[in-house]
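Observations on chain architecture
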Amino acid sequence: KRFLTLPFVFFFHRIFTTTTKNQIDYELEARNCELFKNNFAGQPWIKVPDVKWERVSPEVLTMEYVPGIKISDVSAIDAAGIDRKVRPCLLHMME
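Just so we're clear, the structure is a prediction, and the values are computed from it rather than from any experiment.

Conventions we followed
- Residues numbered from 1 in each chain as written.
- Predicted model: local features only at pLDDT ≥ 70, side-chain atom pairs only at ≥ 80, totals over all residues.
- Heavy atoms only, no water.
- Helix = DSSP H or I, 4+ residues; strand = E, 2+ residues; numbered from the N terminus.
- Buried < 20%, exposed > 50% of the residue type's maximum accessible area, 1.4 Å probe, protein only.
- Contact = heavy atoms within 4.5 Å.
- Core = buried A, V, L, I, M, F, W, Y, C linked by side-chain atoms within 4.5 Å.
- Phe/Tyr/Trp six-rings, centres within 6.5 Å; stacked < 30°, edge-to-face > 60°.
- Expected span 1.5 Å × (residues − 1).
- Polar contact = N/O pair within 3.5 Å; in protein donor to acceptor, adjacent residues only side chain to side chain.
- Salt bridge = Lys/Arg side-chain N within 4 Å of Asp/Glu carboxyl O.
- pLDDT = per-residue confidence, 0-100.

**Brief notes about the overall build of the protein chain**
In terms of helices and strands, the protein chain carries 4 helices and 0 strands. The buried share among the 95 residues of the protein chain stands at 8%. Partitioning the contacts of the protein chain with sequence separation of at least 6, the portion at a separation of at least 24 is 27%.

**Notes on the nonpolar core**
Counting residues in each nonpolar core, the largest one holds 6 residues, listed as Ala30, Cys33, Ile46, Val48, Val51 and Val56. Apart from residues lying up to four places away in sequence, Ile46 is in contact with Phe36 and Phe40.

**Quick look at the packing of aromatic side chains**
Under the defined criterion, the tally for this structure stands at 2 aromatic pairs. The interplanar angle of 15 degrees and the centroid separation of 6.1 Å between the aromatic rings of Phe12 and Phe16 together place this pair among those described as stacked. With Phe12 and Phe16 both in helix H1 (residues 6-23), this residue pair falls 4 residues apart, about one helical turn. By relative accessible area, Phe12 is classed as partly exposed at 49%.

**Side note on helix H2 (residues 26-39)**
The end-to-end C-alpha separation of H2 is 20 Å, in line with the 20 Å expected for 14 residues at 1.5 Å each. Sitting at the head of H2, Asp25 places a side-chain oxygen 3.0 Å from the backbone nitrogen of Glu27.

**Some details on the pattern of salt bridges**
Taken as a whole, this structure holds 2 salt bridges when the rule is applied. As a salt-bridge pair, Lys37 and Asp50 come within 2.0 Å of each other at their nearest N and O atoms. Here Lys37, found in helix H2, pairs with Asp50, found in the loop between H2 and helix H3 (74-79); they are 13 residues apart in sequence, far enough to count as distant. The exposure class assigned to Lys37 is partly exposed, which follows from its relative accessible area of 25%.

**Points about the confidence of the model for the protein chain**
Looking at the protein chain, pLDDT values average 83 and 84% of them are 70 or higher. Here helix H4 (residues 86-94) is the element of the protein chain with the lowest mean pLDDT, 67, and H2 is the one with the highest, 93.

What follows is the structure, encoded as structure tokens:
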């Protein structure tokens, strides 16, 4: 029994290529980054790197370097004095 019909394969290919093309458009990603930054501007605990627009193209996204702590590095989180109760909230936001 055939599960994949030819129209389904063409439909899947069209959706996949459109979605993939949009996801690897780094100019679009840069605009989304700016939107995210604006949405969380009042949150002092969120740092969104600045986009280096002079170095952005559909194929390249350049942002400022921001040092940080990996969410999985519990000892560094403790050493920084960050409340561990915040960690599950951050993990949930990243899902």
